[in-house]
Amino acid sequence: MSDVEITDVETHLVANPWKPWVFVRLHTDAGVTGIAEATTHDKPRTVVAAIEEMKDFFIGRDPFDTEALWLEMYRNEWFSKNVINTTVVSAVDMACWDIKGKVLDEPVYELLGGAMHGTELRAYANGWYTDADGEPEGFARAAEQVVDDGYDAMKFDPFGTAWQSMTTEEKNHAVDIVGAVREAVGPDVELLIECHGRFSAAQAVDIARKLDQFDPAWYEEPCPPDSINSLAEVADKSPIPVVTGERHMTKHEFFDLVTRTDIDVFQPDLMNTGGITEGKKIAGLAEADHVDIAPHNPQGPVAGAIYSHFCTSIPNFRIQEMFQTYDEDWVDELLVDPLKVEDGYVQVPEGPGFGIELDMDVVKEHEYTEDSVHTIDLWEEDWEKRADELR
């Protein structure tokens, strides 16, 4: 127990055009402020309302009591694993860890066990193919730029708006996209194939076999997350390693993945699945079954900094997802000291806590309103015309 008490909470919505970011700040009577991110797909105002509705759980509490706070917020909300609830739990947990580090004058990674992987972490690029026009040539040109930017791993979804199944023509088009990217970047760059939970088990296996010739590093979320049986079948039959986890909440769902599937890599999203306190437990479950962790991170720069502290502290870290290189031009301005991503590596901030502070002038400049964003699915926007043609 410390002598610090949480006194207030602020939320700030920032108008990222495709997914509004929700930033959270917990204030304390010690004058220390903890920062976190509470971004979900859409529903930013819902998350903000939930934080306000749940503040009685944490206002007046000791931010060092992260285990007790986590349990009470999860246990005492009746629909515990609803993503809005777990996102609130995550934000409060992460902000408390930031407060701990600042009070103790230590980076969070030191409180979590130290920088096992150093303070520069290998990352893969995402968000780079939105101008590819859904065509193999466009993907190839964009992929070459990713390599020029210093990355040796990139993720992309070649499947357009597919759901459950694809026609032979659509499958061939997806295969052509992956083949064009492989030819453009050469044999040594890791290609991470994103499915966004699109397919039935049989379709997912069929597509994986067609793509195996291009030696992808992984095959992500081939089936909807609501069917463990489908995921297990694909993991058993796919020639490409299967990864998943971004839409699985808390250690309880990851326990099912550990015990019922042969998934190769887990992708918990700390912003939604329970924060750092839960993330360490999920990483432990995975480590016990020799499964790596590559967290899902299509969020803002606050999330990127938080992930870097978490990732370097766990033995089974694989690689960190980053959109930052291909995000909005002003993304770096949101932090007083921008999160650095250079030559495909994320640099872990070195200051106390997460080592970051929001630039509140920039946050307010890009304040979210209903007219300031158009929430879209990145993988759908450029494909609508092509999908209509193929249909």
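Residues numbered from 1 in each chain as written. Predicted model: local features only at pLDDT ≥ 70, side-chain atom pairs only at ≥ 80, totals over all residues. Heavy atoms only, no water.

**Q** Break down the overall build of the protein chain for me, with residues and values.
**A** For the protein chain, the count of helices and strands is 15 helices and 13 strands. Across the 391 residues in the protein chain, those meeting the buried criterion constitute 60%. Taking the 30 positively charged and 79 negatively charged side chains of the protein chain as two groups, their mean positions are separated by 6 Å. (Helix = DSSP H or I, 4+ residues; strand = E, 2+ residues; numbered from the N terminus. Buried < 20%, exposed > 50% of the residue type's maximum accessible area, 1.4 Å probe, protein only. Lys, Arg positive; Asp, Glu negative; His and termini not counted. Charge placed at Lys NZ, Arg CZ, Asp CG, Glu CD.)

**Q** Help me get a handle on the pattern of salt bridges, residues and values and all.
**A** If you walk through the whole model with that rule in mind, you get 19 salt bridges. Its salt-bridge partner being Asp98, residue Lys102 comes within 2.9 Å of it at the nearest N-O pair. On the criterion of helical spacing, the pair formed by Lys102 and Asp98 is a turn pair, its members being four residues apart in helix α3 (residues 83-104). Summarising the burial analysis for this pair, Lys102 and Asp98 share the class buried. (Salt bridge = Lys/Arg side-chain N within 4 Å of Asp/Glu carboxyl O.)

**Q** I'd like to hear about the nonpolar core, residue by residue, with values.
**A** Core analysis: the biggest nonpolar cluster contains 117 residues, and Phe58, Trp128, Phe156, Phe159 and Tyr219 have the highest contact counts within it. Considering each element in turn, this core owes the most residues, ten residues, to α3. Setting aside residues no more than four positions away along its own chain, Phe156 makes contact with Trp128, Tyr129, Phe139, Ile177, Val178, Val181, Leu191, Leu192, Ile193 and Glu194. In terms of nonpolar packing, the next biggest core, distinct from the first, is built from eight residues, Tyr124, Leu192, Val265 and Ile319 among them. (Core = buried A, V, L, I, M, F, W, Y, C linked by side-chain atoms within 4.5 Å. Contact = heavy atoms within 4.5 Å.)

**Q** Tell me about the UniProt feature "domain: Mandelate racemase/muconate lactonizing enzyme C-terminal" (unreviewed entry) in the protein chain, and please be specific about residues and values.
**A** Per the UniProt entry, the sites bearing "domain: Mandelate racemase/muconate lactonizing enzyme C-terminal" (unreviewed entry) are residues 136-241 in this numbering. Spanning residues 136-241, this segment combines 49% helix with 11% strand, and its end C-alpha atoms are found 23 Å apart. (UniProt positions renumbered as here; feature names shortened; annotations may be inferred.)

**Q** Describe in detail the packing of helix α2 (residues 66-75) against α3, supporting the description with residues and values.
**A** Axis separation between α2 and α3 bottoms out at 10 Å; the angle between their running directions is 170°. Relative to α3, the element α2 lies roughly antiparallel. Handedness of the α2/α3 crossing: right-handed. Where α2 abuts α3, its residues Thr66, Leu69, Trp70, Met73 and Tyr74 lie against Asn85, Thr86, Val89, Val92, Asp93, Cys96, Trp97 and Lys100. Within the contact of α2 with α3, the residues separate by chemical class into eight nonpolar, three polar and two charged. (Axes fitted to C-alpha atoms, helices over the stretch in contact; angles between N-to-C directions. Parallel < 35°, antiparallel > 145°, perpendicular 65-115°, else oblique. Left-handed = near helix turned anticlockwise from the far one by under 90°. Nonpolar A, V, L, I, M, F, W, Y, C, P; charged D, E, K, R; others polar.)

**Q** Describe the pairing of strand β3 (residues 33-37), listing the residues and the values that go with them.
**A** Counting buried positions along β3 yields five of five residues, so the element is predominantly enclosed. Neither face of β3 is open: one carries Thr33, Ile35 and Glu37, the other Gly34 and Ala36, and all of them are buried. Two strands pair when backbone bridges link them, and strand β2 (residues 21-28) and β3 are joined in this way by five bridges, in the antiparallel orientation. Residue Val24 lies in a different strand from β3, and its bridge partner there is Ala36. (Pairing = 2+ DSSP bridges.)

**Q** Lay out the packing of aromatic side chains with the relevant residues and their values.
**A** A full pass over the atoms with the stated rule returns twelve aromatic pairs. Ring geometry for Tyr124 against Trp218: centres 5.5 Å apart, planes inclined by 90°, an arrangement best described as edge-to-face. Highlighted residues: Tyr124 in strand β4 (residues 120-125) and Trp218 in strand β7 (residues 218-220), separated in sequence by 94 residues. No difference in accessibility class separates Tyr124 from Trp218, as the two residues are buried. Each ring, one from Tyr151 and one from Tyr326, has its centre 6.3 Å from the other, and the planes form 40°; the classification is tilted. Taken together, the residues span a long stretch of sequence, with Tyr151 in the loop between α5 (136-148) and β5 (153-156) and Tyr326 in the loop between β11 (320-322) and β12 (341-342) at a distance of 175 residues. For Tyr151, a relative accessible area of 3% corresponds to the buried category. Taking relative accessible area as the criterion, Tyr326 reaches 22% and is therefore assigned partly exposed. (Phe/Tyr/Trp six-rings, centres within 6.5 Å; stacked < 30°, edge-to-face > 60°.)

**Q** Can you explain the side chain of Asp269? Please cite residues and give values.
**A** Note that Asp269 resides in the loop between β9 (265-266) and α10 (270-273). Salt bridges are absent for the buried Asp269, whose nearest opposite-charge side chain, Lys19, sits at 5.9 Å. Polar side-chain contacts of Asp269 include one of 2.7 Å to the side chain of His296. Excluding residues within four positions of it along the chain, Asp269 makes contact with Glu246, His296, Pro298, Gln299 and Tyr307. (Polar contact = N/O pair within 3.5 Å; in protein donor to acceptor, adjacent residues only side chain to side chain.)

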